[in-house]
Structures are given as C-alpha cells and as structure tokens.
Amino acid sequence: MNTETCIRYLDFVNKECDRFLDDDRVTDDELNQLIIEFQRFQQRVSESGLPEPVKNRIAGLTVDYSRAQIERGYWYMFAVLLSLGLMVIFLYFWRQKKRKRALANLKSETSSALMFIKMNY
C-alpha cells in the first residue's frame, strides 16, 4: 500500500460516513460493514511500508461502536417491543444517536488523518 491509496481510502471512509449521516438512518448492517472494511484497512496499513507516523495515525483511529451492540440486532428490539412497547421508540432513537455519533467521530478522525498525510507526505 502506498500513500496515495491510503489517502483515497480515507477519503472513501469520509464519503461513506457522510452518506450514512445524510440518510438520517444508520442500520446495523451498514455500520457493521463499514467497521469490518475499516479494520481490514488498518491491518493492511500496519503491514505496509508506509512511514511510521502514518501507521501510528491510522492505528489510532477507532470506531466507538462495539460489535456486541450490532449483533443484538432486531431480536433484541423485538423482545423489547413485547415487554415494553414505548421503550422500543426510545431505544431505537438512542441506538441511532449512538450510531451517528460513532460515524461522526470516525469521520472527524479520518479527516484529521487525511489532512496529516496530505500535508506531510
């Protein structure tokens, strides 16, 4: 992997975050796919011949949304619906807020890393 590929991928992640945030609805599948792709990218960067500051910057990027929250999915929501009907609406909006916050943080961090790489390499 070279610097240009790294820049293109970070730009792609930014655009995907924008697209998901503009939709006003982020599904578990979308977020899960983005997390998996981003972790693959981080692994490829760590194994590449990029400069150490770039590797460290990319390795420091995180997605603040655990896979356990994704794996609960719709069965969890169905169980809540059966037990506490009004809580479903609250939980749905709460989870959407967490997903959007995770995407906004990822977008911010990747923008920062993208600018760092463009300015220094």
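Parameters and conventions
Residues numbered from 1 in each chain as written. Predicted model: local features only at pLDDT ≥ 70, side-chain atom pairs only at ≥ 80, totals over all residues. Heavy atoms only, no water. Helix = DSSP H or I, 4+ residues; strand = E, 2+ residues; numbered from the N terminus. Buried < 20%, exposed > 50% of the residue type's maximum accessible area, 1.4 Å probe, protein only. Contact = heavy atoms within 4.5 Å. Salt bridge = Lys/Arg side-chain N within 4 Å of Asp/Glu carboxyl O. Core = buried A, V, L, I, M, F, W, Y, C linked by side-chain atoms within 4.5 Å. Patch = residues over 30% accessible without salt bridge, like charges linked within 9 Å, V, L, I, M, F, W, Y side chains within 5 Å. Areas by Shrake-Rupley, 256 points an atom, 1.4 Å probe, with all protein chains shown as cover. Axes fitted to C-alpha atoms, helices over the stretch in contact; angles between N-to-C directions. Parallel < 35°, antiparallel > 145°, perpendicular 65-115°, else oblique. Left-handed = near helix turned anticlockwise from the far one by under 90°. Nonpolar A, V, L, I, M, F, W, Y, C, P; charged D, E, K, R; others polar.

Caption draft 1: Inspection of the overall build of the protein chain at higher detail. The helix and strand inventory of the protein chain stands at 5 helices and 0 strands. If you list the helices and strands of the protein chain from N to C, you get α-α-α-α-α. Of all 121 residues assigned to the protein chain, the portion counted as buried reaches 36%. A separation threshold of at least 6 residues defines the contact pool for the protein chain, and within that pool the share at least 24 residues apart is 80%.

Caption draft 2: View of the pattern of salt bridges. In the structure shown here, the tally under the stated rule is 5 salt bridges. The salt bridge partner of Lys-15 is Asp-11, with a shortest N-O separation of 3.4 Å. Of this pair, Lys-15 and Asp-11 both sit in helix α1 (residues 3-23), separated by 4 residues, roughly a single helical turn. Where Glu-16 meets Arg-19, a salt bridge forms, and the shortest distance between an N and an O atom there is 2.8 Å. Here Arg-19 and Glu-16 lie together in helix α1, a separation of 3 residues that amounts to about one turn. Judged by relative accessible area, which is 16%, Glu-16 ranks as buried.

Caption draft 3: Region of interest: the nonpolar core. Core analysis: the biggest nonpolar cluster contains 25 residues, and Cys-6, Leu-10, Phe-38, Phe-41, Ile-58, Leu-103 and Ile-117 have the highest contact counts within it. Elements represented by at least two residues in this core include exactly α1, α2 (28-47), α3 (52-59) and α5 (85-120). Top element by residues in this core is α1. It accounts for 7 residues. Residues contacting Leu-103, with those up to four places away along its chain left out, are Cys-17, Phe-20, Leu-21, Val-26, Leu-31 and Leu-34.

Caption draft 4: Spatial organisation of a nonpolar patch on the surface. Residues Leu-86, Ile-89 and Phe-93 make up a contiguous nonpolar surface patch of roughly 370 Å² in combined accessible area. On the secondary structure map, Leu-86 appears in helix α5. Since its relative accessible area comes to 72%, Leu-86 is described here as exposed.

Caption draft 5: Structural view of the packing of α2 against α3. Packing of α2 against α3 brings their axes to within 9 Å, and their N-to-C directions diverge by 160 degrees. On the basis of their axis angle, the class for α2 and α3 is roughly antiparallel. Crossing angle aside, the handedness with which α2 passes α3 is left-handed. Of the residues in α3, those touching α2 at Phe-41, Gln-42, Val-45 and Ser-46 are Lys-55, Ile-58 and Ala-59. For the contact of α2 with α3, the per-class residue count stands at 4 nonpolar, 2 polar and 1 charged.

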